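# Tertiary structure, described
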Amino acid sequence: MVFKVLWGFHPRLAVGPSLLKLIHTTVVTKKKNVQASRQESYTEDFIKKQIEDFNIGKRHLANMMGEDPETFTEEDVDRAIAYLFPSGLFEKQARPIMKHPEQIFPKQRAIQWGEDGRPFHFLFYTGKQSYYSLMHEVYGKILQLETHRGPLSEKTDSRDLIGSRWLIKEELEEMLVEKLSDQDYVQFIRLLEKLLTLPYGPAEEEFVKRFRKSVTVQSKKQVIEPVQYDEQGLAFSTSEGRRKSATAQAIVYQHGSGKIRVNGLDYLLYFPVTQDREQLMFPFHFLDRLEKHDVTCTVSGGGRSAQAGAIRLAMARALCSFITEDEVEWMRQAGLLTPDPRIRERKKPGQEGARRKFTWKKR
Amino acid sequence: MTAKTMLTGVTRLSSRIQKLDPRCFLHGSAQAAQSNPVPAEHPRVISRTSDSDPAKHGEQHEGKYYSIPIQDLKTVFPHGLPPRFRMQVKTFGEACLMVRKPALELLGYLKNTKFSHPAVRYLLYGEKGTGKTLSLCHAVHFCAKHDWLVLHIPDAHLWVKNCRELLQSTYNKQRFDQPLEASTWLKNFKTTNKHFLSQIKVQEKYVWNRRESTEKGSPLGEVVEQGITRVRNATDAVGIVLKELRNQSSTGLFHLLVAVDGVNALWGRSTLKREDRTLIAPEELALVHSLRKMVKNDWHGGAIVLSLSQTGSLFKSRTAYLPHELLGKEGFDALDPFLPILTSNYNPKEFESSFQYYLENNWLQHEKAATEEGKKELKFLSNCNPGQLERLCASL
C-alpha cells in the first residue's frame, strides 16, 4: 500500500520507490528562480482523498509499529515517523513529518459564486466578506444585549480572561482565510471588548472563547530546582550549567563564608580577570547573599568567559533551592536562570569567516 | 605587596583628629611612641598608627598603617619601592605601609639576630599580590633606621632580561658585564649608605686600567665613584663592593642586610643572548655571579632577606608561588637552610583597615563604594588580595 510521508516543502522524492511514492506533483515547478507558489487551488475532492489516504496510512503505521490502529494518536504518529526516518538535520521543519492534510495544505476558499456568477454571500463585494460578516454578528449580539439589559452580572472577569489573550492578527487571518489590515483587527478587538463589558450569557461566552487563546503555559514554572540534600549535616545543592562549550557543575552550601573554589583552585587564581569574577558575583550580589554561601565547582571546556558564564548559571540554579519562589521569579526575570543560546556561528563557504567576506577585488 | 596605601594630596577634606600630631612628617623618628591613636570618628576600625619607627611595631599594631617619613623615603628607598606603590605615594603625598604579621615576624627575627653566627636567610613567599615586596621594604626601613648597611636589590629580574648592552667582562673572559644596570644600582646604593662609604676601607688594591687604580685602605666610596663615573667598570665595582662588605661585615663595624627581591631570577633562565644568538645562562653574568656569592650564608654579621617573585620571572607558570617551584632545584639547594615566611591575603580586620584607609584618602569616588554592600563587593571581587584590591580601587 502506498504510504505517504511528506518532507516539509513537497519535493520530488527519490527514496525507496517501492515504499514511498509521492502521488501529487502539482507543487514542483521547474522554473529556477521562482519559489513554488502556494496559490494552486486544491480541489475539495483532492483534499478529501488526501484525508482518506492519511487515515489509511495512519493505520498502516500503527500496524507497522505493532500498536492498536484505533487508539493511535498524533504524538504516536510523530514518534513513529521519527523512529522510522531518523534525520540528523538541525532544522526541525525540514525533517520528515506526517500530519493531517488540514495542517499541511493551506486553507482554501471555496468558489464563492454560483454558476450564474452571482456571489453566495451578501457581503461579497466588500472584499472581506467573512470579516465584515463577523463584525456584523458581534455588533448584532451587542445590540441584543443592550436591549435585554438584565440584572447586573458580577462575573465580568471571573472567567479565564486572566489566563488567555486575544488572537493575534495572523491567527485571525488564518481563521477567516482572508487578509486583514491593522485597523480592521483593532476595530474587531474593540468590538469584542465592548461585548465583554455588557452582561452576557453562556452562548456569548462560547462565542468569545473562539477568539481567545490560553496563555496559561506559565513561563514561570519552567525551572525545577532539585531539592537540597544533606551530607554530614551540611545542606547543599548541586546543579549544572552550560555556556558555549563549557560545562560546569556547582555545589552550593547553604552556610558558608563566601569562598569559592574552582577545580580545586581559589577563584582569584583561576579567574585572574576581574570581568569573570564579576560574573561569578552576579547571582549572590543580586540576592544580597554575598558572604553567606560556600561554593565548590568543576568546569571544563570553553574559554575563560564561557567557563565563567557556565559557573554562573550553575550557581544560580543551585541557589534556587535555598530561596523563596518570588526570588526565583526575580532571578528568572534578571536572566540568571536562562541558558545563553549563543553559539559560535558556522563558517560559510565562499566567505572567510562567519560574516567576513573575502577581500573584494575590483578586477 | 602589602596594602598599597593610596596617598591623597594635602587638601584632605575629612578631618582626621587622630592625625593631628603625626601630621608633621619632618620629625622623623623623633616621634613619641604612642601605641594607639585616639579614634575620634571611627571607633570600630582604627586604620592608622602614629608610630613611624618599625622597631616599635608589635602585635597591637597589626592591621594598621604607619607612614614613612619623606626624608627616609629618599634615602632608604631611592629605588626600592615597587612602581605601583611609588605612584600611590606620589598621589597621596605620603607613604603608608600596613603592619602585617609576616613583616612583624621578620622584624622579630631581625631584632634577635646573633651577629656572631652566620647570616640567616629569610625567604618571603606567597601568592601574587600578597605583600612580599612591601614586607621586604618594611624590613629594609627597620634596618635602615637602626643603622645597618642595607644592600637592597629591588628586582633581580631586571638583571637577567632586557639588557641593552652586554660587554665581555674584563675581569673574567667567560662572564658578561652589564654596565647600565650596575651603574644605576651603584648610584642608588650610594644614596642609601652614604655615611658608611667613608668609614669602610678597602682591603686590597684594585687596578682598573692602566691609569686608574684604587689603593688599599682607601674608602669604599672611591670604588663606588669609580663605578659610577667609569661605566665600563661598573660591574666590577659592584663585585668589589659586595666582596668587601662580605669580608668586613664580620668585623663588627656595621651590620649588613642583604635584601634581594625576585631572588628566583638568579637561578632561573635569562633572555639575554650573545652576539651569535645563543642563550646566556645566569651564572655567566658577572652581576648574578657576585650576587649569588653574597646570598650564600658563609659570612656573619648580618642577615639576608629574600623574596620570590613570579611577576617578573621568566618561563615560570603564573600560578607558581612555592619556593621549590620558582627557585628550581639548583636555587633551592643553593639557598637550602632558609627560613620561609608566608604572606597571605588580608584577614577581615586588615581588609577593613585598608578599606578605611582608602576611604579616608578619598580614593574611592564611587557613590556606592563607601556602603556596606560596596565593601562586600570589593571583598568578593578581590578575595581580600591586597594587590587585586589596590587595582580595583584604582579604577573606582
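Residues numbered from 1 in each chain as written. Chains lettered and ligands numbered in written order. Predicted model: local features only at pLDDT ≥ 70, side-chain atom pairs only at ≥ 80, totals over all residues. Heavy atoms only, no water.

Turning our attention to the packing of helix H8 (residues 234-248) of chain B against helix H9 (residues 286-295) of chain B. Residue and element names in this part refer to chain B. Taken N-terminus to C-terminus, the directions of H8 and H9 make an angle of 5 degrees; their axes are 9 Å apart at the nearest point. Looking at the two axes, H8 sits roughly parallel to H9. Here H8 contributes Thr235, Val238, Gly239, Leu242 and Arg246 to the contact with H9, which in turn contributes Ala286, Leu287, Ser290, Leu291, Lys293 and Met294. When grouped by side-chain class, the residues that make up the contact of H8 with H9 number six nonpolar, three polar and two charged. (Axes fitted to C-alpha atoms, helices over the stretch in contact; angles between N-to-C directions. Helix = DSSP H or I, 4+ residues; strand = E, 2+ residues; numbered from the N terminus. Parallel < 35°, antiparallel > 145°, perpendicular 65-115°, else oblique. Contact = heavy atoms within 4.5 Å. Nonpolar A, V, L, I, M, F, W, Y, C, P; charged D, E, K, R; others polar.)

What follows concerns the packing of aromatic side chains. Residue and element names in this part refer to chain B. Taken as a whole and judged by the stated rule, the model has 20 aromatic pairs over all chains. For the pair Tyr109 and Tyr122, a centre-to-centre distance of 5.6 Å together with 5 degrees between the ring planes defines the contact as stacked. Here Tyr109 is found in helix H3 (residues 101-111), whereas its partner Tyr122 is found in strand E3 (residues 120-126), with 13 residues between them in sequence. Under the relative-accessibility criterion, Tyr122 is labelled buried at 5%. Relative to Trp148, the ring of Phe115 lies with its centre 5.5 Å away and its plane at 65 degrees, an arrangement referred to as edge-to-face. You can see Phe115 sitting in the loop between H3 and E3 and its partner Trp148 sitting in the loop between helix H4 (132-145) and strand E4 (149-153), a full 33 residues away along the chain. Clustering of aromatic rings is evident, with ring pairs tying together Tyr65, Phe92, Tyr357, Tyr358 and Trp363. (Phe/Tyr/Trp six-rings, centres within 6.5 Å; stacked < 30°, edge-to-face > 60°. Buried < 20%, exposed > 50% of the residue type's maximum accessible area, 1.4 Å probe, protein only.)

Residue and element names in this part refer to chain B. Within the largest apolar cluster, 58 residues are counted, with the highest numbers of intra-cluster contacts made by Leu186, Phe189, Leu245, Val260 and Val263. Sorting elements by how many residues they give to this core places H8 first, with seven residues. Setting aside residues no more than four positions away along its own chain, Val263 makes contact with Leu123, Leu306, Ser307, Leu308, Leu327 and Leu335. (Core = buried A, V, L, I, M, F, W, Y, C linked by side-chain atoms within 4.5 Å.)

With respect to the helices and strands, Ala156 of chain B occurs in the loop between E4 and strand E5 (167-168). Taking the C-alpha atoms as reference points, Ala156 of chain B and Val288 of chain B, 132 residues apart in sequence, are found 8.4 Å from one another.

Along a regular strand, successive side chains alternate from one face of the sheet to the other. All names here are of chain B. Of all seven residues that make up E3, six are buried, and the element is covered over most of its length. Note: E3 against strand E10 (residues 302-307), five bridges, orientation parallel. Bridge pairing links Val120 to Ala303 in E10. (Pairing = 2+ DSSP bridges.)

In this section: the confidence of the model for chain B. Regions with low pLDDT should not have their predicted coordinates read in detail. All names here are of chain B. Residue-level pLDDT values for chain B average 78, and 87% of them are 70 or greater. Low pLDDT, under 50, characterises residues 1-45; the stretch is placed with 120 contacts to residues that sit more than four places away or in other chains. This prediction of the complex comes with two scores: 0.70 for pTM and 0.75 for ipTM. (pLDDT = per-residue confidence, 0-100.)

Residue and element names in this part refer to chain A. Under the defined criterion, the tally for this structure stands at 27 salt bridges over all chains. With its nearest N and O atoms 2.8 Å apart, the salt bridge here joins Arg332 to Glu329. In this pair, Arg332 and Glu329 both sit in helix H11 (residues 325-334), three residues apart, roughly one turn of the helix. Three or more residues joined by partner-sharing salt bridges are found here, namely Arg165, Glu171 and Lys213. (Salt bridge = Lys/Arg side-chain N within 4 Å of Asp/Glu carboxyl O.)

Next up on the list: helix H4 (residues 129-147) of chain A. Residues and elements named next belong to chain A. Compared with an ideal rise of 1.5 Å per residue, which puts 19 residues at 27 Å, H4 spans 27 Å between its outermost C-alpha atoms and is within 8% of the ideal. Within H4, burial applies to Gln129, Ser130, Tyr131, Leu134, Met135, Val138, Lys141, Ile142 and Leu145. Buried residues along H4 sit against helix H5 (169-176), helix H6 (182-197) and helix H7 (202-209). (Expected span 1.5 Å × (residues − 1).)

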